[in-house]
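Residue strings, one per chain:
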Amino acid sequence: MLIKRASDIASSEITPENLYHNRREFIKTASAVLGIAAAGAIVPACTNSAVSGMTQSKPKGKYDTDEKPTPYEDVTHYNNYYEFGIDKADPAANSGKFKPTPWTVSVEGMVKKPASYSLDDLLKGLTPEERVYRMRCVEAWSMVIPWTGVPLAALIARLEPTPAAKYVEFKTIMRPDEMPGQRPSVFGSGLHWPYTEGLRMDEAMNPLALLVTGVYGKPALAQNGAPIRLVTPWKYGFKGVKSIVKIRFTDKQPLTAWNEAAPQEYGFFANVNPQVDHPRWSQASERRIGEFYKRRTLMFNGYAEQVAQMYSGMDLRKSY
Amino acid sequence: MPKFNRWWISKPAVFVVCLVPMVWLVWDTFAGNLSANPIEDIRNRTGIWTLRFLMITLSVTPLRRIIGWPSLIRFRRMLGLFAFFYAFVHFITYIWLDQAFAWDEIVKDMISKRPFILSGVASFVLLIPLAITSTKKWIGRLGGKRWQMIHRLIYLSAVVGVLHYYWRVKLDIARPLAYGAVLAVLLGLRLTVAAVYDRRPVGAHRAPLQ
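Starting afresh in each chain, residues are numbered from 1 along the sequence in its written order. The lettering of chains begins at A and the numbering of ligands begins at 1, in the order of writing. Local features in a predicted model are, by the rule used here, given only for residues with pLDDT of at least 70; side-chain atom pairs are given and counted only at 80 or more, and totals for whole chains, interfaces and linings are based on all residues.

**Student:** Account for the pairing of strand β4 (residues 141-151) of chain A, naming residues and giving values.
**Tutor:** All names here are of chain A. Any residue surrounded by 20 or more other C-beta atoms within 10 Å of its C-beta is treated as buried, while 12 or fewer makes it exposed and the intermediate range makes it partly exposed; C-beta atoms here are placed from the backbone. Each helix corresponds to a stretch of at least 4 residues labelled H or I by DSSP, and each strand to a stretch of at least 2 residues labelled E; elements are numbered beginning at the N terminus. Of all 11 residues in β4, 11 are buried; the element is thus mostly enclosed. Only strands that DSSP links by at least two bridges are regarded as paired with each other. Two successive antiparallel strands, strand β3 (residues 129-136) and β4, enclose a turn made up of 4 residues, where A140 displays a positive phi of approximately 75°. Sheet analysis places β4 next to strand β11 (residues 285-288), joined by 2 bridges and oriented parallel. Following the sheet pairing, S142 is matched in β11 by R288.

This is the structure in structure tokens:
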């Protein structure tokens, strides 16, 4: 596996005392706010000072943000992964039976090397990188996560799609026995399984697009999309399809899960855009997990420099 | 039939039970038991308890008739005021913890084609006159009939509140629909009972319908 060994991880990155830090920060701020409620005043936004230093041991990469990473505990216990249930705590609680090994990924469609690959074979020879990215959920919260993965572009170059291929489609594994959210239920997510996502070919080739196998230098846990998932930090989190078993090259725009379920609310592109609101709530600001006050959402989640040119000339109100 | 009016303890007991969700939430908040997004948890939990207390309040009258415990009326005002209390905490959570008094954002949230926020605000605002006029004094001041008419606003508040919940979720609409179904039964029972009583001859016993 192309996942960093534990010995590669600076001990500062996994210090347990950091884990509950942001909860304590919230309590501290909440107490302060409540304490001075009578005065009608508000305390200044909290500063998560104690979480600093997590990735300081590594030189900052070209695409890394230097914002403080969200604590590992929160990255692994506050998740949207509806295959394991619709509440944020469900993926961590309900993924115990999920088996990420052995794993096979089927490469299909307009590609010179269609085949079923074991995960090791699929990623063999590709160099994993750590990238500290912002992650903005369509529900208006965000995190900063140190991912480990390989650039999607490197894998695609090796698979050699034909010139006719205009899109890449990804599918999550279908395993109702291990993924309770995939079983028929009245109180379900409303999505169709298996979860489908897709990118336009130029988006897939963008250097920011990452196929992730690790979080915080450790193998990704089931709730984070083990053993392999997509991360596209300029798009809303739901584009990051998890536990991928199928990669298909096609000339037609894939019908993606959320777009299929509610086309008026979730588009194919799903680029982070503070100027284009969700029909029911604002996308102008977000709550960074661990912070008390909301912050402004940035165009393309702060990655405009890397991605804006792909969408020049497009009406982003229509192609949301 | 339990004679609630004879048990002095019953009202304080119900009061304490109604406070449990709030105490539990405060405990979880300060013990660090909430999720990584505590403000969202506080919002969700106060919201759902508002709906629950609205439903409980609306079930008093049908229960009195169906299971024949007229003395349940004793608790109705308190239950309604608890619905208002949880709605108030929910509303303040949104204005204060969530939006930090950013009025421009709040106004934008309400007017820019977002029935989600507007319905929540409407559901809360509709309860304010009911909370104010919940005293015996106000019944006297307004007269029973007018007072009763005003207090039927709780039907509207509950309907708009369930809609607010429906608009809040993404695609997982089963839970809001379940609340909608319970509300439909509670309101439907009133229509049926009203129809039955209306067919009775004038002068037949008719308890006030709330």
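**Student:** For the sheet that holds strand β5 (residues 167-172) of chain A, give the residues involved together with the corresponding values.
**Tutor:** Residues and elements named next belong to chain A. Reading across the sheet, the 5 strands line up as β2-β1-β10-β5-β6 and stay open at both edges, with mixed pairing between neighbours. Each edge of the sheet is formed by a strand with only one pairing partner; in this case those strands are β2 (115-118) and β6 (196-200). Ignoring which end each strand starts from, the neighbouring axes of this sheet average 20° apart. Inspection of the sheet shows β5 paired to β6 by 5 bridges, in the antiparallel sense. Paired with V168 across the bridge in β6 is L199. Geometry is summarised by axes, namely lines fitted to C-alpha atoms with helices restricted to the contacting stretch, and by angles between N-to-C directions that run from 0 to 180 degrees.

**Student:** Go over the interface of chain A and chain B with me, naming the residues and quoting the values.
**Tutor:** We call two residues in contact whenever the C-beta atoms placed from their backbones are within 7 Å. In this assembly, 29 residues from chain A lie in contact with 20 residues from chain B. Within the residue set of the side of chain A that touches chain B, elements represented by two or more residues are α1 (21-35) and α2 (72-77) of chain A. Residue classes follow a fixed rule: Ala, Val, Leu, Ile, Met, Phe, Trp, Tyr, Cys and Pro count as nonpolar, while Asp, Glu, Lys and Arg count as charged, and any other residue, Gly among them, counts as polar. When grouped by side-chain class, the residues that make up the side of chain A that touches chain B number 17 nonpolar, 6 polar and 6 charged.

**Student:** I'd love a proper account of the packing of helix α1 (residues 10-31) of chain B against helix α2 (residues 38-68) of chain B, names of residues and values included.
**Tutor:** All names here are of chain B. Packing of α1 against α2 brings their axes to within 11 Å, and their N-to-C directions diverge by 175°. Of the possible angle classes, the one that applies to α1 and α2 is roughly antiparallel. Contacts from P21, L25 and T29 of α1 reach α2 at P38, I42, R45 and W49. Each angle is binned into one of four classes, with values under 35 degrees roughly parallel, values over 145 roughly antiparallel, values of 65 to 115 roughly perpendicular, and all other values oblique.

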